[in-house]
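# Chain and residue survey
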Amino acid sequence: MTTGRHTPRNTGPRPPRDGKPSRGRTVPRGVLRVAMWLAALAAVAFTVVVVYGFIQFNHAVDHPGDGFSGWQCAAESGTCGP
């Protein structure tokens, strides 16, 4: 067997830590799971808000209430004139 850059040197199980303390803090699995669910819910809520805003924008463009607003009119258009 040849050992190259992409060949693992040790394919066996990892040796025990011998009671040495870990360098970084570990996050409990339950906290990590709750954080992931909250992030997923926040992403879904953001998507719902964006889609709702787009639907309202589309409705405002299709059905102008009291005439067109300034942002709906082109400068050269005669439809927004008095």
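Scroll up to find the structure this text is about.
Position numbers for residues count from 1 along each chain, tracking the sequence in the order it is written. In keeping with the model being predicted, local features are shown solely for residues with a pLDDT of at least 70 and side-chain atom pairs are shown and tallied solely at 80 or more, while totals for entire chains, interfaces and linings include all residues. Heavy atoms throughout the structure, all of them, feed into the side-chain values; hydrogens and water do not.

Our focus in this paragraph is the overall build of the protein chain. Numbering of helices and strands runs from the N terminus; a helix is a DSSP stretch of H or I covering at least four residues, while a strand is a stretch of E covering at least two. Helix and strand content of the protein chain: one helix and zero strands. When accessible area is computed with a 1.4 Å probe and restricted to protein chains, residues below 20% of their type maximum are described as buried, those above 50% as exposed, and intermediate ones as partly exposed. Classification of the 82 residues of the protein chain by burial places 0% in the buried group. Only the protein chains shown count as covering a residue, and every accessible area follows the Shrake-Rupley method with a 1.4 Å probe. With the model as given, the accessible surface of the protein chain reaches about 8300 Å², and the carbon-plus-sulfur share is 61%.

A cluster of nonpolar side chains, V51, F54, I55, F57 and V61, forms an exposed patch at the surface whose accessible area comes to about 470 Å². Tracing the backbone shows V61 in helix α1 (residues 29-62). Here V61 falls in the partly exposed class, since its relative accessible area comes to 36%. Each patch is built from residues lacking any salt bridge and having more than 30% relative accessible area; the joining distance is 9 Å for like charges and 5 Å for nonpolar side chains (Val, Leu, Ile, Met, Phe, Trp, Tyr). Throughout this description, the term salt bridge denotes a Lys or Arg side-chain nitrogen within 4 Å of a carboxyl oxygen of Asp or Glu.

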